[in-house]
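Summary of the model geometry
Single-letter residue listing:
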Amino acid sequence: MKTSVALCTYNGEKYLREQLDSIFNQTVSVDEIVICDDKSSDGTQDIIEQYCSKFPNIIKFYSNDINLRSVKNFEKAISLCENEIIFLSDQDDIWHLEKVKHFVEYFENYPNIDVVASNGYCVDDNSKVHDKFAVWDIPQFLTERGVAFNYYKIICYVSNIATGASMAFRKSICNEILPFPIMKDFHHDEWIAILSSKRNAFVMLPEKYFYYRIHENQQVGGVFFDKTTKVKSDLFDYFNYDDGNISFVNLKKRIKKMIEAFKRNEKLSKLDTKYESFFKNNKTEIISIILVLKLTMKKKYPILTFCLNITDKILGKRQLKE
């Protein structure tokens, strides 16, 4: 299988060399790297030109005339990729040296899977690894406790657990995923994960195949958590979405999270896409689950629930309306 990398850059001079080196040092070489720079004003383009000189047959470099921003820049980069498997790459991460090898093997062994994501390490500005739980651990947490789960329902009913920086997919699905919709606080990785998991063609590998950098300038964060027993238990409770046998505090938080998911699906159902019915159905399912959770909360914690309902109405929290 031939591979392409869709790499988007914007003022990324600080970390770009380390990421590019990790891609070029793979045990199985990539065949193409498509780099789309979004009008960087630092030394990013100079660095890219240096790598173009070293690897003229692999890198294809495009400098945008206007600033497209992240989602549409990735859309452009993906559309320019030519090979069978397309890897997404941020400018500030680092790839495990056998990432390409293991991803390609997975695609070869599982022809029914179109999108593969993975777990990853947390690194800081200095590339030091920090021992953290990640949102990518959620499937493993559920599996460890014998909970059968559905990627599509987790992503649509609770929250996205797939990160573009960890993702690769078959070029054959481009007609399905492109163009990416534009919606505030909604990203291309979630869109790809939603559409592929709807067909049971998405998987998250528990192994860590990339180093995700945490720094003050990153666009998307909130993926890492302190590695404590309580945090692990709380994450399990949030994502085991239809089990009401949890504490009042976690029920409250889960209902809040699911109402956020309802509102997200409401917005997605109004976008001009061919998948409107998906999101309308999700809204119906989410409402049903929330109503059951609220009834469970009322039965288990009647006084606390009574007080919560009063304060929520006053403050406008946990309300099923936009």
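The coordinates are above.
Throughout what follows, the structure given in this document is the object of discussion. For clarity, every value in this text was computed on a predicted model and none was experimentally measured.

**Considerations on the overall build of the protein**
What the protein contains, in helices and strands, is 12 helices and 11 strands. Computed over its C-alpha atoms, the radius of gyration of the protein comes to 21 Å, within 12% of the 20 Å expected for a compact globule of 322 residues. Taken over the C-alpha atoms alone, the protein extends approximately 70 × 40 × 40 Å along its principal axes. Of all 322 residues assigned to the protein, the portion counted as buried reaches 51%. Put simply, 79% of the contacts in the protein that link residues at least 6 apart link residues at least 24 apart. When the accessible area of the protein is evaluated, it comes to approximately 15,400 Å², of which 50% is carbon and sulfur surface. For the protein, the distance from the average site of its 45 positive side-chain charges to the average site of its 44 negative ones is 10 Å.

**Things to note about the state of the cysteines**
With the rule as written, the count across this model stands at 0 disulfides. For Cys-36, which is in no disulfide, the shortest distance to another cysteine sulfur is to Cys-8 and amounts to 5.7 Å. We note that Cys-174 lacks a disulfide partner, and the nearest cysteine sulfur, in Cys-81, lies 7.8 Å from it.

**As for the packing of aromatic side chains**
Counted according to the given criterion, the structure contains 22 aromatic pairs. Ring geometry for Phe-103 and Tyr-209: centres 5.8 Å apart, planes at 80 degrees, overall edge-to-face. Taken together, the residues span a long stretch of sequence, with Phe-103 in helix H4 (residues 99-109) and Tyr-209 in strand E10 (residues 202-213) at a distance of 106 residues. For the pair shown, Phe-103 and Tyr-209 are each scored as buried. Against the face of Phe-103 rests Lys-99, its NZ or CZ located 5.6 Å from the ring centre. The ring of Phe-236 carries the charged tip of Arg-145 above its face, separated from the ring centre by 3.7 Å.

Definitions and cut-offs
Residues numbered from 1 in each chain as written. Predicted model: local features only at pLDDT ≥ 70, side-chain atom pairs only at ≥ 80, totals over all residues. Heavy atoms only, no water. Helix = DSSP H or I, 4+ residues; strand = E, 2+ residues; numbered from the N terminus. Rg over C-alpha atoms; globule rule 2.2 N^0.38 Å. Buried < 20%, exposed > 50% of the residue type's maximum accessible area, 1.4 Å probe, protein only. Contact = heavy atoms within 4.5 Å. Areas by Shrake-Rupley, 256 points an atom, 1.4 Å probe, with all protein chains shown as cover. Lys, Arg positive; Asp, Glu negative; His and termini not counted. Charge placed at Lys NZ, Arg CZ, Asp CG, Glu CD. Disulfide = S-S within 2.5 Å. Phe/Tyr/Trp six-rings, centres within 6.5 Å; stacked < 30°, edge-to-face > 60°. Lys NZ or Arg CZ within 6 Å of the ring centre and 35° of its normal.

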